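So the chains spell out like this:
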Amino acid sequence: MKIKAINGFKDILPEEVPLWQHIEGVARDIFQRFGCHEIRLPILEKTELFARSIGEATDIVEKEMYTFVEMGITMRPEATASLLRAFIEHGLHVRQPVQRLYTIGPMFRHERPQKGRLRQFHQVDAEVIGAVEPEIDAELMAMGQMLLTELGLSASLEVNSLGCPGCRPEFRRRLVAYLQDRQAGLCEDCRRRSETNPLRVLDCKKAGCREVVEEAPSILDALCPECRSHFDQVQSRLDLLGVSYSLNRFMVRGLDYYTRTTFEFVTGDLGAQAAIGAGGRYDGLIEQLGGPKLPGIGFAMGMERLVLLLQAADNRAERPGPSLDLFVAALGSRAGLHGYRLVHGLRQRGLRAAMDYSGRSLKAQMKQAARQAARHTLILGDDELERQTAILRNMQTQEQLPFPLQADVGQECLQLIDIIQTT
Ligand code: ATP
Ligand code: MG
């Protein structure tokens, strides 16, 4: 019986990898421009870390986590909690009052797999810890927008404020009262949520629920003066940076730790999976996890969704991978051994070189060279060895030149490199 990958877990094949590397490269470049440093984190953490940060009554913690129950550990469903755990554990704030960090890697959630939704998926994640200024919020959103723009994608930015522990409880009470009279219109999940996590009802995508919340009180009308002024300044800084956005008072996000600014990058090009990335402020969370009283804000983008969008935008993924500099087509056993040393010498000197060991015909080897997108092929038979002259074929122009063989393989490599790099 053939063993296949688990449902929702996907291989990223060699022809897709260049696109992944491209996304990672652009992300790293942009994050570094904004002063972010990379941090690499473990995939397993104590279950309690996620229960305490993401929240017991969230979808993620209630039903999506891969947990080894007896060991009390869980495969991370997102990066922020792990990053803050590491930040606290190593006292990173002592080194620098404001830390800008990013991380890239796999996350795990047990949800129904579909296009753009996997059980192992990947995120690029950036966080700024230790700063409460609205400049930071706007800068981080601008950074996310820059990443999408430089990848050649367009998405719209939606922004909301969730207030703070000062003003949110009052809003929550008003929302609960509003929902209490309208239970009949809600889906089953939201009837439960209207007690455990009422703000999440605002975010439900079901038509019935959307209709119910259309007239619900708006959190933006319920902000305390401090949150109001912070949010106004975030918007004015976005304007200053020329980042366009729209307000979405129904956006709540599926994690409990958010305060004040929350945002999402959304697209119409991914069907049901409209969110490319999302994030927000979590000013009380670090303290709640046993760390210093410091604010923070961050966002994560889903890499599978970026890949899908880029594949749709152009056929990048189908372009051949990096080509070979030289394929050595050796015929005969002496030529084979000569070629073997030559290929190794070229690799030592930084070239991409390859050959075939199975003794195939010249025609078959030329086909193989073309399939591997070799720029040049060196044709080398025992006869050529005898005459001390091989044939160097430029695979693009089809031009063939005699190539004098040398007694010393090192010399031969240098000469080959010289010719290859000037043609
Ligand atoms: P969604 O509403 O699509 O479930 P989410 O709110 O659960 O997203 P976040 O936890 O904010 O997502 O994660 C940020 C980003 O990570 C998402 O915008 C999405 O691009 C990506 N993402 C989240 N869950 C998955 C998944 N199961 N498969 C692929 N990408 C995902
Ligand atoms: Mg989700």
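These numbers were taken from a predicted model, which means no experiment stands behind them.

Caption draft 1: Just the site of ligand 1, in detail. Taken together, the neighbourhood of ligand 1 is formed by 15 residues, with Arg-109, Glu-111, Leu-118, Arg-253 and Arg-305 sitting nearest. Here a nitrogen atom of ligand 1 and a backbone polar atom of Leu-118 are 2.8 Å apart. With respect to ligand 1, the side chain of Arg-305 contributes an N or O atom lying 2.9 Å from an oxygen atom. For ligand 1, whose free accessible area comes to 580 Å², the fraction covered by protein is 86%. Only strand S6 (120-129), strand S10 (275-281) and strand S11 (296-302) provide two or more residues apiece to the shell around ligand 1. Looking at which element gives the most residues to the shell around ligand 1, the answer is S10, with four residues.

Caption draft 2: How the structure looks around the domain arrangement of the protein chain. The domain architecture assigned to the protein chain consists of domain 1 (17-167 + 223-314) and domain 2 (326-414). Between the C-alpha centres of domain 1 and domain 2 the distance comes to 51 Å.

Caption draft 3: Region of the structure containing the sheet that holds strand S9 (residues 259-266). In spatial order, the strands read S1-S5-S6-S11-S10-S9-S7-S8; together these eight strands make up an open sheet with mixed pairing. Of all strands in the sheet, those bounded by a partner on one side alone are strand S1 (37-38) and strand S8 (246-247). Bridging between S1 and strand S5 (residues 99-108) involves two bridges; their strand directions are parallel. Following the sheet pairing, Glu-38 is matched in S5 by Tyr-102. Packed on one face of the sheet, helix H6 (residues 134-150) meets S5, S6, strand S7 (156-161), S9, S10 and S11 and runs near 15° to S11.

Caption draft 4: Representation of the side chain of Glu-384 within the structure. Note on placement: Glu-384 falls in helix H15 (residues 382-387). One buried charge, Glu-384, has no salt-bridge partner; the nearest side chain with opposite charge is Arg-387, at 4.2 Å. Polar side-chain contacts of Glu-384 include one of 2.9 Å to the backbone nitrogen of Gly-381. Residues in contact with Glu-384, not counting those within four places in the same chain, are Ile-379, Thr-389, Ala-390, Ile-391 and Leu-405.

Reading guide: rules and limits
- Residues numbered from 1 in each chain as written.
- Chains lettered and ligands numbered in written order.
- Predicted model: local features only at pLDDT ≥ 70, side-chain atom pairs only at ≥ 80, totals over all residues.
- Heavy atoms only, no water.
- Near = heavy atom within 4 Å.
- Polar contact = N/O pair within 3.5 Å; in protein donor to acceptor, adjacent residues only side chain to side chain.
- Areas by Shrake-Rupley, 256 points an atom, 1.4 Å probe, with all protein chains shown as cover.
- Helix = DSSP H or I, 4+ residues; strand = E, 2+ residues; numbered from the N terminus.
- Domains from an automatic or database assignment.
- Pairing = 2+ DSSP bridges.
- Contact = heavy atoms within 4.5 Å.
- Axes fitted to C-alpha atoms, helices over the stretch in contact; angles between N-to-C directions.
- Buried < 20%, exposed > 50% of the residue type's maximum accessible area, 1.4 Å probe, protein only.
- Lys, Arg positive; Asp, Glu negative; His and termini not counted.
- Salt bridge = Lys/Arg side-chain N within 4 Å of Asp/Glu carboxyl O.

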